Amino acid sequence: MDDEILYTVADGIGTITLNRPQARNALTFAMYERLAAICGDLPGHGDPKVLVLTGAGEKAFAAGTDITQFRAFNTPEDALAYESRIDRIITAIESCPIPTIAAISGAVTGGGASIACACDIRIATQSARFGFPVARTLGNCLSMSNYARLATLLGPARVKDIVFTARLIEAEEGQRIGLYNELVADHAALLVRMRELATTIAGHAPLTMRATKEALRRIARANGHPQGDDLVLMCYMSADFREGMEAFLGKRAPHWQGK
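Residues numbered from 1 in each chain as written. Predicted model: local features only at pLDDT ≥ 70, side-chain atom pairs only at ≥ 80, totals over all residues. Heavy atoms only, no water.

- As annotated in an unreviewed UniProt entry, the protein is Enoyl-CoA hydratase/carnithine racemase from Bosea psychrotolerans.
- Under the UniProt heading Sequence similarities (unreviewed entry), the entry covering the protein gives this text: "Belongs to the enoyl-CoA hydratase/isomerase family." (UniProt positions renumbered as here; feature names shortened; annotations may be inferred.)

## Examining the layout of surface pockets
Then comes step 1: Its boundaries defined by the atoms lining it, the second largest pocket holds a volume of some 630 Å³.
Then comes step 2: As for the second largest pocket, its lining consists of 34 residues, and the residues nearest its centre are Ala63, Gly64, Ile67, Thr109 and Gly110.
Then comes step 3: Broken down by secondary-structure element, the contributors of at least two residues to the lining of the second largest pocket are α2 (76-94), β6 (107-109), α3 (111-118) and α10 (239-249).
Then comes step 4: Looking at the lining of the second largest pocket, the element that brings in the most residues is α2, giving three residues.
Then comes step 5: Across the lining of the second largest pocket, the residue classes break down as 18 nonpolar, eleven polar and five charged. (1 Å grid on protein atoms, 1.4 Å probe; cavity = no way out; pocket = protein on both sides within 12 Å on 5 of 7 lines; lining within 4 Å. Points joined across faces, edges and corners; volume = space filled by probe spheres on them. Helix = DSSP H or I, 4+ residues; strand = E, 2+ residues; numbered from the N terminus. Nonpolar A, V, L, I, M, F, W, Y, C, P; charged D, E, K, R; others polar.)

## A look at the pattern of salt bridges
Then comes step 1: Tallying each qualifying case throughout the model produces 15 salt bridges.
Then comes step 2: Salt-bridge contacts for arginine 20 lead to glutamate 4; the nearest nitrogen and oxygen are separated by 3.8 Å. Of this pair, arginine 20 sits in the loop between β2 (13-18) and α1 (29-40) while glutamate 4 sits in the segment before β1 (5-10); the two residues are 16 residues apart in sequence, bridging distant segments of the chain.
Then comes step 3: The class for arginine 20 is buried, based on a relative accessible area of 11%.
Then comes step 4: Each of Glu4, Arg20 and Asp66 takes part in salt bridges that share partners, so that together they form one network. (Salt bridge = Lys/Arg side-chain N within 4 Å of Asp/Glu carboxyl O. Buried < 20%, exposed > 50% of the residue type's maximum accessible area, 1.4 Å probe, protein only.)

## What about α2?
Note: α-helices contain 3.6 residues per turn, so residues at a spacing of three or four share the same orientation.
Then comes step 1: With 19 residues, α2 ought to run about 27 Å at 1.5 Å a step, and its terminal C-alpha atoms sit 27 Å apart, in line with that.
Then comes step 2: The set of residues buried in α2 consists of Ala79, Tyr82, Glu83, Ile86, Asp87, Ile89, Ile90, Ile93 and Glu94. Looking down the long axis of α2, one finds its buried residues gathered within 165° of arc, a one-sided arrangement.
Then comes step 3: Of the surrounding elements, those touching the buried residues of α2 are α1, β5 (100-104), α3, α4 (144-154), α8 (206-220) and α9 (229-236). (Expected span 1.5 Å × (residues − 1). Arc of directions from axis to C-beta. Contact = heavy atoms within 4.5 Å.)

## Considerations on the packing of α2 against α9
Then comes step 1: Direction vectors running N to C along α2 and α9 enclose 120°, while the axes themselves pass 9 Å from each other. Between α2 and α9, the angle falls in the class oblique. Relative to α9, α2 is oriented so that their crossing is right-handed. Here Pro76, Ala79, Leu80, Tyr82 and Glu83 of α2 come into contact with α9, specifically with Asp229, Val232, Leu233 and Tyr236. (Axes fitted to C-alpha atoms, helices over the stretch in contact; angles between N-to-C directions. Parallel < 35°, antiparallel > 145°, perpendicular 65-115°, else oblique. Left-handed = near helix turned anticlockwise from the far one by under 90°.)

## Comments concerning the sheet that holds strand β8 (residues 129-131)
Sheets are built from strands that pair by backbone hydrogen bonding, the pairs being arranged parallel or antiparallel.
Then comes step 1: Read from one edge of the open sheet, three strands run β4-β6-β8, paired in parallel fashion. Each edge of the open sheet carries a strand with a single partner, namely β4 (60-62) and β8. Across the sheet, the mean angle separating the axes of adjacent strands is 15° when strand polarity is ignored.
Then comes step 2: Alignment of β4 against β6, held across two bridges, turns out to be parallel. Across the sheet, residue alanine 62 finds its bridge partner in β6, namely valine 108. (Pairing = 2+ DSSP bridges.)

## Observations concerning the environment of aspartate 66
Then comes step 1: Position of aspartate 66 among the secondary structure elements: in the loop between β4 and α2.
Then comes step 2: The exposure class assigned to aspartate 66 is buried, which follows from its relative accessible area of 15%.
Then comes step 3: Residues aspartate 66 and asparagine 25 lie 41 residues apart in sequence; the distance between their C-alpha atoms is 8.7 Å.
Then comes step 4: Residue contacts for aspartate 66: discarding those within four places in its chain leaves Arg20, Ala26, Leu27 and Thr28.
Then comes step 5: Separated by 3.1 Å, the side chains of aspartate 66 and arginine 20 make a polar contact. (Polar contact = N/O pair within 3.5 Å; in protein donor to acceptor, adjacent residues only side chain to side chain.)

## Section: the packing of α4 against helix α5 (residues 156-165)
Then comes step 1: At a closest axis distance of 7 Å, the pairing of α4 and α5 adopts a crossing angle of 120°. On the basis of the axis angle, α4 is oblique to α5. In this structure, α4 crosses over α5, and the sense of that crossing is right-handed. Of the residues in α5, those in contact with Tyr147, Leu150, Ala151 and Leu154 of α4 are Pro156, Arg158, Val159 and Ile162.
Then comes step 2: Among the residues forming the contact of α4 with α5, the class breakdown is seven nonpolar, no polar and one charged.

As structure tokens, this is what we get:
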């Protein structure tokens, strides 16, 4: 587990590296929990002034949750507990009191895309590919909180486009629609730029950063949290989800039945 999340602090910059390049940095539950632990206890993790999240290698920031873990899902409680857990993790990242930067190369999909969207700033390489292809792969859905985050960031029409088409957004389009703050040429340039940006932010007034983050978080949440457990159960308890999972792991096309 220690090798799957690498964490360092230097010059006020905390760097989290998702380190499963052989699995395109897909996250295990333990990795999710480690992310939440760091974001929720900064004094216990070197007290950085800014936090950078990135993925090992050039092929992926993170390709979502490790799908093998879904095979243990058998009950409605399993599905609701999973989405509740992911919401808690993403909320911990979103609520981290210091600025967070997602430095993205390659695939940023599923849970990885949710993590990136919870960060304050996203910089990406020309190889970045963003999306939630669950309509093509597993047949599950996002939580209400993640739908809300995406809609706030990109707008409802774009969220529908991304989810309905199950396409991955290319880097240039991502910058055009406001997903990425900056684009850089390649992974080497990304490492340089993320350090430059983090150094700049780390030198600024911490309370200004904290107040700005909290103010915008409160504004985004002013409309409350609609319930969506019924939607989660409709997807995760379906035969289609089981079929999508087995097809994904078996590297074949799923046969959807709508039930």
